[in-house]
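Listed below, chain by chain, are the residues.
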Amino acid sequence: MGRVLVIGAGGVGAVAVMKMAMNPEIFTDITLASRTLSKCEDIAANVRKRTGVTIKTTQVDAMDVAATVALIRESGAELLVNLALPYQDLALMDACLEAGIHYLDTANYEPEDDAKFEYSWQWAYQDRFKEAGLSAVLGSGFDPGVTSIFAAWVRKHKLDGIRLIDILDCNGGDNGKPFATNFNPEINIREVTAIARHWENGDWVETPAMTRKVAFDFPEVGEKNMYLMYHEELESLKTHFPEVERARFWMTFGDAYINHVTVLQNVGMTRIDPVMHEGQEIIPLQFLKSVLPDPSDLGELTKGKTCIGDIITGPTAEGEKTCYIYNICDHEECFAEVGSQAVAYTTGVPAMIGAAMMLKGIWKAPGVWNTEQLDPDAFMDMLNTNGLPWQVVELDAHPVF
Ligand code: NDP
């Protein structure tokens, strides 16, 4: 059905191309490109071993727009799937516009020298994509991505609007390491050390990072401490669902993780400004990344489950109702299927499904879209048939926390 160019041979890229290869009637031709060619080749070998499908591999610096445009033309791709880092989003959107192909990513743009992420930079491409007759889908991972599609589906089928939404991201997995992040350490640590913000009664409310802690009993995982955090889908959900009164995001962390991040922050290792070290400039957080475990090596070690979903309350003809919609994913089952742990799996699968929606022409309107703006039904069906089945239950009331 379509030719795709995937940029980024990390944990998420590895899962996405594997799942594309498992859907050969949709993804008829797959090219994987990254900064380091050997990483693409390792992934291609794993894809061939598990699925028998051969994917093409090549090297590219995604910050180099001209090089990416040349690669797009050479690959004949009609869709670029950006699974590199948030720093590359704008360069890759520029390349798509110049080469005339569609775009999809899983994380919003963030300047490298400022730990600040927001959609304004990418939303500013709206007119250019519309005029070119091209689509750009932003944030088609799990969160953002599935959590926003869950909200759109609940709003379409269960409620007449959304008054309260809490997004709960629980990783009940254990990799046996004293400290390791389960996706790119630099992006992960920038995210968790940022001030927590949530949307309430028409305004952002700020709380110091990692200070608001609540225990929650997650289905199939059990009780875990979750922390209030800022997450990018809050910005798009409150914009596209303007009736939302309160939107919050919570993520679970164990005490050991919190202790490590606190110490690293206190000693200055999470800084992103350059410091001089033996006559050479280094960025402490980037140095830290190079000594931490590589998340894509954790698959074999990680046991336990993730449970990510939304608790949503809103009006219906019979009065207000509350729904809890979630997916459970087992780290060991993911590893057995594709050779990666559940955090990469829960991001790579929705990236593949979003790409399938675009290649199938189900998500085809020209312009720049967040996933909650698109029809959720076919995407929700593909979650069930591609390894991320979901459940929705009605709760008596919105939990108080
Ligand atoms: P990794 O660090 O494992 O992989 C990123 C890949 O991008 C690496 O292979 C790296 O190249 C490549 N890359 C970086 N810079 C360039 C460049 N200039 N040109 C070409 N390739 C480049 O990250 P993850 O796989 O963990 O995460 C991928 C993306 O997914 C991130 O944007 C992350 O924020 C997002 N994400 C989204 C989630 C969601 O639910 N929405 C959840 C988790 C992650 P190389 O190694 O070849 O040098």
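Residues numbered from 1 in each chain as written. Predicted model: local features only at pLDDT ≥ 70, side-chain atom pairs only at ≥ 80, totals over all residues. Heavy atoms only, no water.

Colleague: Give me the lowdown on the packing of helix α3 (residues 65–75) against helix α4 (residues 89–99), citing residues and values where you can.
Modeller: At their nearest, the axes of α3 and α4 sit 9 Å apart, and the two run at 50° to each other. Taken as axis vectors, α3 and α4 run oblique relative to one another. Judged by the twist between their axes, the crossing of α3 over α4 is right-handed. Residues V65, T68, V69, I72 and R73 of α3 form the contact with α4, whose own contacting residues are A91, L92, D94, A95, C96, E98 and A99. Here the residues of the contact of α3 with α4 are counted per class, giving eight nonpolar, one polar and three charged. (Axes fitted to C-alpha atoms, helices over the stretch in contact; angles between N-to-C directions. Helix = DSSP H or I, 4+ residues; strand = E, 2+ residues; numbered from the N terminus. Parallel < 35°, antiparallel > 145°, perpendicular 65-115°, else oblique. Left-handed = near helix turned anticlockwise from the far one by under 90°. Contact = heavy atoms within 4.5 Å. Nonpolar A, V, L, I, M, F, W, Y, C, P; charged D, E, K, R; others polar.)

Colleague: Give me the domain arrangement of the protein chain: which residues, what numbers.
Modeller: Segmentation of the protein chain into domains returns domain 1 (2–138) and domain 2 (146–340 + 390–395). Here domain 1 and domain 2 have C-alpha centroids that lie 24 Å from each other. Counting residues at the interface gives 24 residues for domain 1, matched by 21 residues for domain 2. Taking both partners together, domain 1 and domain 2 bury about 1,700 Å²; carbon and sulfur atoms supply 53% of that area. Put simply, domain 1 and domain 2 have two salt bridges between them. (Domains from an automatic or database assignment. Buried area = accessible area lost by both parts, 1.4 Å probe. Salt bridge = Lys/Arg side-chain N within 4 Å of Asp/Glu carboxyl O.)

Colleague: Residues and numbers for helix α8 (residues 185–192), please.
Modeller: Counted residue by residue, α8 has eight buried out of eight residues, so it is predominantly covered. Taken as a whole, α8 has its buried residues at P185, E186, I187, N188, I189, R190, E191 and V192. Each element contacted by the buried residues of α8 is listed here: β11 (222–229), β12 (246–252), α10 (255–266) and α11 (284–291). Where α8 begins, one side-chain oxygen reaches toward the backbone nitrogen of E186, 3.0 Å away; that side chain belongs to N184. (Buried < 20%, exposed > 50% of the residue type's maximum accessible area, 1.4 Å probe, protein only. Polar contact = N/O pair within 3.5 Å; in protein donor to acceptor, adjacent residues only side chain to side chain.)

Colleague: Could you give me a rundown of the pattern of salt bridges, with the residues and numbers involved?
Modeller: Here the structure, examined in full by the defined rule, presents 15 salt bridges. The partner of R246 in a salt bridge is D166, with the nearest N and O atoms 3.4 Å apart. Of this pair, R246 sits in strand β12 while D166 sits in strand β7 (residues 164–171); the two residues are 80 residues apart in sequence, bridging distant segments of the chain. Just as R246 is buried, D166 falls in that class too. The closest approach of N and O atoms between E220 and K305, which form a salt bridge, is 3.1 Å.

Colleague: Pulling in residues and values, what's your account of the sheet that holds strand β1 (residues 2–7)?
Modeller: The strand order β3-β2-β1-β4-β5-β6-β17 describes an open sheet built from seven strands, whose pairing is parallel. Only two strands of the sheet have a single neighbouring strand rather than two, namely β3 (56–59) and β17 (367–370). Adjacent strand axes in the sheet meet at a mean angle of 20° when their direction is disregarded. Where strand β6 (residues 135–138) and β17 come together, four bridges link them in parallel fashion. Bridge pairing links L138 to N370 in β17. Taken strand by strand, α4 contacts β1, β4 (79–82), β5 (102–105), β6 and β17, and its axis lies near 160° from that of β5. This element, helix α13 (residues 342–359), spans β1, β2 (27–34), β4, β5 and β6 of the sheet and lies at about 160° to β5. (Pairing = 2+ DSSP bridges.)

Colleague: So what's going on with the site of the ligand? Which residues, and what values?
Modeller: Close to the ligand lie 28 residues, the nearest being S34, T36, K39, A62 and N184. In this structure, V12 approaches the ligand through a main-chain N or O atom, which is 2.9 Å from an oxygen atom. Contact between the ligand and A62: a nitrogen atom at 2.8 Å from a main-chain N or O atom of the residue. Computed on the free molecule, the ligand has an accessible area of 930 Å², of which 93% lies beneath the protein chains in the complex. Taken together, the residues that form the shell around the ligand break down as 14 nonpolar, 10 polar and four charged. (Near = heavy atom within 4 Å. Areas by Shrake-Rupley, 256 points an atom, 1.4 Å probe, with all protein chains shown as cover.)

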